[in-house]
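Summary of structural features
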Amino acid sequence: MHASPHNAEFSLKFGPVQAGAPSSGKLAVPVLAGADDETLFKGLAAAGSSGGFELFAAGDWLVGRLLAPVQPDIAAQTESVYISLLAINRALGRSLVRIWNYVPGINDTAAEGIETYRAFCRGRSHAFEHAGWAGPVPAASAVGGAPGMLAVLFAATRAAPVAQENPEQMPAYEYPPDYGPRSPSFSRAMQVTADGRRWTFISGTAAIKGHVSMSTGDLPGQIACTLDNLRLISSACDLGEKLGAGTNAERHFKIYLRHATDLEPARQLLEGGLLQADDQVTWLQADICRSDLLIEIEATVIG
């Protein structure tokens, strides 16, 4: 593990990166509306680097960020990245809670002849297997990323988290082979107490019931199904049916839209309902892990 040359504070920023300018970890994912950054973890400062990840720490939290040129064999690259990620947390005695993946060309065909997301899932699954992973897999999302650049970010803590599942969705790690040679390795939600607060991380949530995509080509229908899934996972996490709305909870949302032209109709259906005035919300344009999905919503609720 290497010391950092400076004591920069971590921040997660989205939007265009100027050619030739240092990105400072900025993710070149187009911002459609709302905040162009997200601050979940206060006071994180640089804590060295390992396995290609920049590390940041404060209190109970360890956060890692890797931005790397995507390689032709995305499955092998993902496996290598995740082996490093898991080794870092094992060495530091941390428990993985949440992972964010930004995968360029996520719906394209990978070199091995399957969809890039399915190849990504294969590599990720092999890494967990290689590590002898026995506990619940972390909450996660995987959406399209900047062309040519793979980005993986993780959040880990000292305490062991608790996984939660949606009773109307098959756990992603149990999906049948219809969705690729390896099932996606994530839980629908993870909860943990860290720095004296209760954190709930809701994975990227979309219009899926059981394991089947719903309302193909129908944005309002997909939003209605996604909201129902958020209601169900919210209840499973003991947050009521509205993800802690109306309480003192701090709520963060990232909403990914496949088509930028869907922004206004989506806002009309979500603002004032799911989304409240005090929430931190970032609307982003990105491909979704399934080509028939138009929208994905992730949430973090800090009690």
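Residues numbered from 1 in each chain as written. Predicted model: local features only at pLDDT ≥ 70, side-chain atom pairs only at ≥ 80, totals over all residues. Heavy atoms only, no water.

1. Digging into the overall build of the chain
- Helices and strands together make up the secondary structure of the chain, namely four helices and 17 strands.
- Against the compact-globule benchmark of 19 Å for 303 residues, the chain has a radius of gyration of 18 Å, which places it among compact chains.
- When its C-alpha atoms are laid out on the principal axes, the chain stretches across 50 × 45 × 45 Å.
- For the chain, the proportion of its 303 residues judged to be buried stands at 50%.
- Within the chain, counting contacts between residues at least 6 apart in sequence, those at least 24 apart form 74% of the total.
- A total of about 12,300 Å² of accessible surface is found on the chain, and carbon and sulfur atoms cover 52% of it.
- Averaging the positions of the 23 positive and the 31 negative side-chain charges in the chain gives two centres separated by 4 Å. (Helix = DSSP H or I, 4+ residues; strand = E, 2+ residues; numbered from the N terminus. Rg over C-alpha atoms; globule rule 2.2 N^0.38 Å. Buried < 20%, exposed > 50% of the residue type's maximum accessible area, 1.4 Å probe, protein only. Contact = heavy atoms within 4.5 Å. Areas by Shrake-Rupley, 256 points an atom, 1.4 Å probe, with all protein chains shown as cover. Lys, Arg positive; Asp, Glu negative; His and termini not counted. Charge placed at Lys NZ, Arg CZ, Asp CG, Glu CD.)

2. Quick look at the state of the cysteines
- Inspection of the entire model under this criterion finds zero disulfides.
- Considering cysteine sulfurs only, Cys 289 is the nearest to Cys 225, which forms no disulfide, with 14 Å between them.
- The thiol of Cys 237 is unpaired, and the distance to the nearest cysteine sulfur, on Cys 225, comes to 17 Å. (Disulfide = S-S within 2.5 Å.)

3. Quick notes on the pairing of strand E8 (residues 139-144)
- E8 sits mainly inside the fold: six of its six residues count as buried.
- By the bridge criterion, six bridges tie strand E7 (residues 95-103) to E8 in an arrangement that is parallel. If you follow Trp 100 over to E8, its bridge partner there is Ser 141.
- Between the parallel elements E7 and E8, the chain passes through helix H2 (residues 116-130) in a crossover that is right-handed. (Pairing = 2+ DSSP bridges. Right-handed = clockwise from strand over helix to strand, strands pointing away.)

4. A few points about the sheet that holds E7
- Strand order in this open sheet of six strands is E4-E5-E6-E9-E7-E8, and the pairing throughout is mixed. Each edge of the open sheet carries a strand with a single partner, namely strand E4 (45-50) and E8. For this sheet, the mean inter-axis angle between neighbouring strands, taken without regard to orientation, is 15°.
- The pairing of E7 with strand E9 (residues 149-157) spans seven bridges and is antiparallel. Bridging from a neighbouring strand, Leu 96 pairs with Ala 156 of E9.
- In this fold helix H1 (residues 74-92) packs onto E4, strand E5 (53-58), strand E6 (61-69), E7 and E9, with an angle of close to 25° to the strand it touches most, E9.
- The strands that H2 touches are E7 and E8; relative to E7, the one it contacts most, it runs at about 150°. (Axes fitted to C-alpha atoms, helices over the stretch in contact; angles between N-to-C directions.)

5. Topic: the environment of Asp 238
- Position of Asp 238 relative to the elements: it lies in the loop between helix H3 (219-236) and strand E15 (250-257).
- On the basis of relative accessible area, Asp 238 is assigned to the exposed category, the value being 70%.
- Between the alpha carbons of Asp 238 and Gly 123 there is a distance of 33 Å; along the sequence they are 115 residues apart.

6. Topic: the sheet that holds strand E12 (residues 197-205)
- Taken together, the seven strands give an open sheet; going across it, the order is E2-E16-E15-E17-E12-E11-E10, and neighbouring strands pair in mixed fashion. At either end of the open sheet lies a strand with only one pairing partner, and these are strand E2 (31-34) and strand E10 (162-164). Going across the sheet, the axis of each strand differs from the next one's by a mean of 15°, ignoring polarity.
- In this sheet, strand E11 (residues 189-194) lies alongside E10 in antiparallel orientation, the contact comprising three bridges. Paired with Gln 164 across the strands is Ala 189, a residue of E11.
- Of the strands in this sheet, E2, E15, strand E16 (280-285) and strand E17 (295-302) are in contact with helix H4 (residues 263-270), which crosses E16 at around 150°.

7. Notes on the packing of H1 against H2
- As a packed pair, H1 and H2 sit with axes 7 Å apart at the nearest point and diverge in direction by 35°. Of the two elements, H1 crosses H2, and the hand of that crossing is right-handed. Contacts between H1 and H2 involve Ile 74, Ala 75, Thr 78, Glu 79, Tyr 82, Ile 83 and Leu 86 from the first element and Thr 116, Ala 119, Phe 120, Arg 122, Gly 123, Arg 124, His 126, Ala 127, Phe 128 and His 130 from the second.
- Taken together, the residues of the contact of H1 with H2 sort by class into nine nonpolar, five polar and three charged. (Left-handed = near helix turned anticlockwise from the far one by under 90°. Nonpolar A, V, L, I, M, F, W, Y, C, P; charged D, E, K, R; others polar.)

8. Considerations on H4
- Of the positions making up H4, those classed as buried are Leu 263, Ala 266 and Leu 270. Down the axis, H4 shows its buried residues gathered within 70° of arc, on one side only.
- Phi turns positive one or two residues past the end of H4, at Gly 272, with a value near 90°. (Arc of directions from axis to C-beta.)

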